[in-house]
Every structure is written in structure tokens, then in C-alpha cells.
Amino acid sequence: MLPNSKILRFLHPPLPLPLPALSPHNKPTSPSSPHILIKQHCKFSRRDLTICTNSSLLLLLGSALVQPFSSSRDSARAEQEDSAADKTDIGAQENPPPSCADDKSPTKRAFLDISIDGKPAGRVVIGLYGGDAPAGVSRFSGLVSGAAGITYRRKEFVKIMPNYVQHGGVRSYGVDAELAKLTGAAESLVAEWKKINDNCPGKKNLAGSVSIVVRDPTKPPPKIKLVAREGKLQIAEEEVGSDPNGTQFVIVTKDSPELDASTLVIGRVLEGMEVVERIGQVKTVQDNTGSPYFRIAKLIGDKRATVAERGFNRPYSKVLITNCGLIQ
């Protein structure tokens, strides 16, 4: 039903006509003259106002009824897009990138005898991938057997995480550290890690894997500073922190793809995985990196925050390698 002319006039009233300029002689003398002008533009009865009000309510109700249908169409379209994205994710899960640990076979075997608080915990036998990571296996074999002049004997596990346990390797100071630098294996380990990452895009640190730590992803970039040399200002880079010396290693208890960015897989546990799981159950120092005080201290460069961070996830008990070597 089309609205009549009175409804249209109510919804869109005509603009008032400009009033003629009043001279001093024809000014209205009665105070009621403005009301007369307003009444001339508002000639609607009560019946007309009622009809117009009902028509406006009908229009509002109609728009309210149409809106759910449009929103339902939008929700249906969003559900279709979500289902398509889920199908894509399922397809990606069904066809994951190939794992690089499936086609590797050990060429050597090494053993680690573990003790917790002075009590023997058992032996871990590790198969080493000499054909796939020769530099890493050579480094680990020399440290296990003592052929490099340094060894893992009497060295501690320093970090216990939910997915892996980390051995501290050779300390970064003293005679052992100097011997570790003389071997010059750190650079070759990084080069081999890059080569394996380029050739194998899939997950590498699977449950039971043994990996050497070759780099620190959290290490900040070098600082740039101006240095005066021979009377001229030159730009120089100052290293912040130190790189791993290629002696720390981790044993993975659960799949940990986050370690692929910092470790080189050199083998897997063949026997004694229950010993590794027992190490993972040792109580550790609580990780407090989520504290606002720690975040502020880390942000402003407080050295106490760095020292405290090194102690997070450290075992309360002393977990040592009492003996180690190669199995002929």
C-alpha cells in the first residue's frame, strides 16, 4: 500500500517559505503572531498523526525482520569459509612435511652413565648418525671418549624442560673452555646445521633425538658504535654475549620442533629412555619470566635479570654423567 500524500508530507515536510522582510511599519504588534506562523505549517489532525506514526512503526518492524535474514546469510558464508579453512588444515595435517629422522641409521654407539644426587640412575645408549652429520658426530664422539682432551665426565645437566633435558657441556671458562676453542668445531657445526636445514624442511627434533646446541636464537644482534682509529671515526660492531662452544647437547623426550632453530641432530636414544624420563621428573627452579618485575628488569638491561634467567628450570638435584664412552 502506497502512503498517501499526507504521510509523505509528514515524513518529509516542505521547507518553510522565506518570510518577507518586515519594515518598521508592518512589524507585528501582537505577541501571538509567531504562533500563527507555526500553525500555518503544521496543519495535521490527530488522525493524520496516528496514521503516520503507525506507518513509521511498520517500517521499523520491516527493517528489523529483514536484518536477521541478512545476518544469517553472513553467518552461513562465514561458516563456509571456516569449513574450507578447516579442510585445508586437515589436508596439511594428513600430508605433513617429511621427517628427516626416518631414513637415518646409526653408525656408532655411545653410552652415558647417569647419577641423581649421587645415586646411579642407569645407562643411556645413543646411536650416532655418522653418515648424515659427520661434523656433529665427530665432535660428540671426541667429547664422550675424551679424545679431544675434554670430556663429559662429571659434567651436569643444567636445564630440565617439559619436552627435553639439556646438558651444560664444557664450561665457558678455564682450561676446558680453551681446549674447546682450540678444536675449532663450532664453525663447522653451524655450517652443517645450515646445510641440513636447507635439505630437510621437516621436523628433526623428535622424541628420543639427541642434538648438539650450535647457536643461541635469543642472542641479541651486535651493537654498532663509533671508534676512533688513526684519527678517523669508523663504525664497528660489538658482539653481545657469546655463542655456544658446541659442547652442550639435549635429549628430547617429546617432539620439539622449536629446537630445530638452534640444535643439530646427531643421533637418537637406543636404550635407557626411562632414565631420561626420570631426569625429566627432577624438581627445578620455577620459571618466572612472566613476572612484570622480571620483564621490566629485562627491558632496562638489568644484569640481575640475566643471572636469574640462567637459573630458571635448573634442577635442584645434581644430575651428573659419571662415566661415558663409545661402544665398540
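Here is what the cut-offs are and how they apply
Residues numbered from 1 in each chain as written. Predicted model: local features only at pLDDT ≥ 70, side-chain atom pairs only at ≥ 80, totals over all residues. Heavy atoms only, no water. Core = buried A, V, L, I, M, F, W, Y, C linked by side-chain atoms within 4.5 Å. Buried < 20%, exposed > 50% of the residue type's maximum accessible area, 1.4 Å probe, protein only. Contact = heavy atoms within 4.5 Å. Helix = DSSP H or I, 4+ residues; strand = E, 2+ residues; numbered from the N terminus. Polar contact = N/O pair within 3.5 Å; in protein donor to acceptor, adjacent residues only side chain to side chain. Phe/Tyr/Trp six-rings, centres within 6.5 Å; stacked < 30°, edge-to-face > 60°. Lys NZ or Arg CZ within 6 Å of the ring centre and 35° of its normal. Salt bridge = Lys/Arg side-chain N within 4 Å of Asp/Glu carboxyl O. Pairing = 2+ DSSP bridges. Axes fitted to C-alpha atoms, helices over the stretch in contact; angles between N-to-C directions. Patch = residues over 30% accessible without salt bridge, like charges linked within 9 Å, V, L, I, M, F, W, Y side chains within 5 Å. Areas by Shrake-Rupley, 256 points an atom, 1.4 Å probe, with all protein chains shown as cover. Parallel < 35°, antiparallel > 145°, perpendicular 65-115°, else oblique. Left-handed = near helix turned anticlockwise from the far one by under 90°. Nonpolar A, V, L, I, M, F, W, Y, C, P; charged D, E, K, R; others polar. Expected span 1.5 Å × (residues − 1).

Caption draft 1: Here's a closer look at the nonpolar core. Core analysis: the biggest nonpolar cluster contains 37 residues, and Ile-114, Phe-140 and Phe-249 have the highest contact counts within it. Not counting chain neighbours up to four residues away, the residues in contact with Phe-140 comprise Ala-110, Ile-126, Leu-128, Tyr-152, Ile-212, Phe-249 and Ile-266.

Caption draft 2: Here's a closer look at the side chain of Thr-247. One can find Thr-247 in the loop between strand E7 (232-238) and strand E8 (249-252). A polar side-chain atom of Thr-247 sits 3.0 Å from the main-chain amide nitrogen of Val-170.

Caption draft 3: Examining the packing of aromatic side chains more closely. Taken as a whole and assessed by the stated rule, the structure comprises five aromatic pairs. With 5.5 Å between their ring centres and 85° between their planes, Phe-140 and Phe-249 make a pair best called edge-to-face. Remark: Phe-249 occurs in strand E8 and Phe-140 occurs in helix H4 (residues 134-145); sequence separation between them is 109 residues. This pair shows no difference in class: Phe-140 is buried, exactly as Phe-249 is. Through successive ring pairs, a cluster of aromatic residues spans Phe-140, Tyr-152, Phe-157 and Phe-249. Above the plane of the ring of Phe-111 lies Arg-123, whose end atom (NZ or CZ) is 4.1 Å from the centre.

Caption draft 4: Here's a closer look at the pattern of salt bridges. Inspection of the entire model under this criterion finds three salt bridges. With a shortest N-O distance of 2.7 Å, Asp-113 and Arg-123 are connected by a salt bridge. With Asp-113 in strand E1 (residues 108-116) and Arg-123 in strand E2 (residues 119-128), this pair connects stretches of sequence that are ten residues apart. Overall, Asp-113 belongs to the buried group, its relative accessible area being 15%.

Caption draft 5: Structural context of the sheet that holds strand E4 (residues 164-167). Here eight strands make up an open sheet; going across it, the order is E3-E4-E8-E5-E9-E2-E1-E10 and the pairing antiparallel. Looking at the sheet topology across the chains shown, the edges are occupied by strand E3 (157-160) and strand E10 (319-327). Direction aside, the axes of adjacent strands within the sheet are offset by 30° on average. Looking at chain direction, E1 and E10 are connected through eight bridges and run antiparallel. Directly across from Asp-113, in E10, lies its bridge partner Asn-323. Set on the sheet, helix H7 (residues 273-280) makes contact with E1, E2, E3, E4, E8, strand E9 (263-271) and E10; between it and E2 the angle comes to about 125°.

Caption draft 6: A nonpolar patch on the surface, seen in detail. Among the surface-exposed residues, Ile-224, Leu-226, Leu-233 and Ile-235 lie close enough to one another that they form a single nonpolar patch of about 510 Å² accessible area. Elements supplying a minimum of two residues to the nonpolar patch: strand E6 (223-229) and E7. Note on placement: Ile-235 falls in strand E7. Accessibility expressed as a relative area gives 66% for Ile-235, which makes it exposed.

Caption draft 7: Quick peek at unusual backbone geometry. The phi torsion at Arg-154 lies on the positive side, around 65°, for a residue other than glycine. Inspection of the secondary structure assignment puts Arg-154 in the loop between H4 and E3. The phi torsion at Glu-230 lies on the positive side, around 55°, for a residue other than glycine. The topology assignment puts Glu-230 in the loop between E6 and E7. For Glu-230, a relative accessible area of 83% translates into the label exposed.

Caption draft 8: Representation of the environment of Ser-115. Within the fold, Ser-115 resides in strand E1. Judged by relative accessible area, Ser-115 falls into the buried class, the value being 5%. With 207 residues separating them along the chain, Ser-115 and Thr-322 place their C-alpha atoms 6.6 Å apart. Non-local contacts of Ser-115, meaning those with residues more than four positions away in its chain, are made with Pro-120, Ala-121, Lys-318, Val-319, Leu-320 and Thr-322.

Caption draft 9: Expanded view of the environment of Ala-236. Its location among the elements puts Ala-236 in strand E7. Ala-236 sits in the buried class, given a relative accessible area of 12%. Taking C-alpha positions, Ala-236 is 8.2 Å from Lys-223, a pair spaced 13 residues apart along the chain. In this view, Ala-236 contacts Lys-223, Ile-224, Lys-225, Val-227 and Arg-229; residues no more than four positions away in its chain are not counted.

Caption draft 10: Local environment of the packing of helix H8 (residues 292-299) against helix H9 (residues 303-311). Relative orientation of the contacting elements H8 and H9 amounts to 125°, with a least axis distance of 7 Å. Between H8 and H9, the angle falls in the class oblique. In the crossing of H8 with H9, the sense of the turn from one axis to the other is left-handed. Every residue of H9 that contacts H8 at Phe-294, Ala-297 and Lys-298 is listed here: Ala-305, Thr-306 and Glu-309. Its residues assigned to classes, the contact of H8 with H9 shows three nonpolar, one polar and two charged.

Caption draft 11: Molecular detail of H4. An ideal rise of 1.5 Å per residue puts 16 Å on twelve residues; H4 measures up with 16 Å between its terminal C-alpha atoms. Every buried residue belonging to H4 is among Gly-136, Val-137, Arg-139, Phe-140, Ser-141, Gly-142, Leu-143 and Val-144, and all of these are buried. After H4 finishes, the residue Gly-146 shows a positive phi value of roughly 85°.

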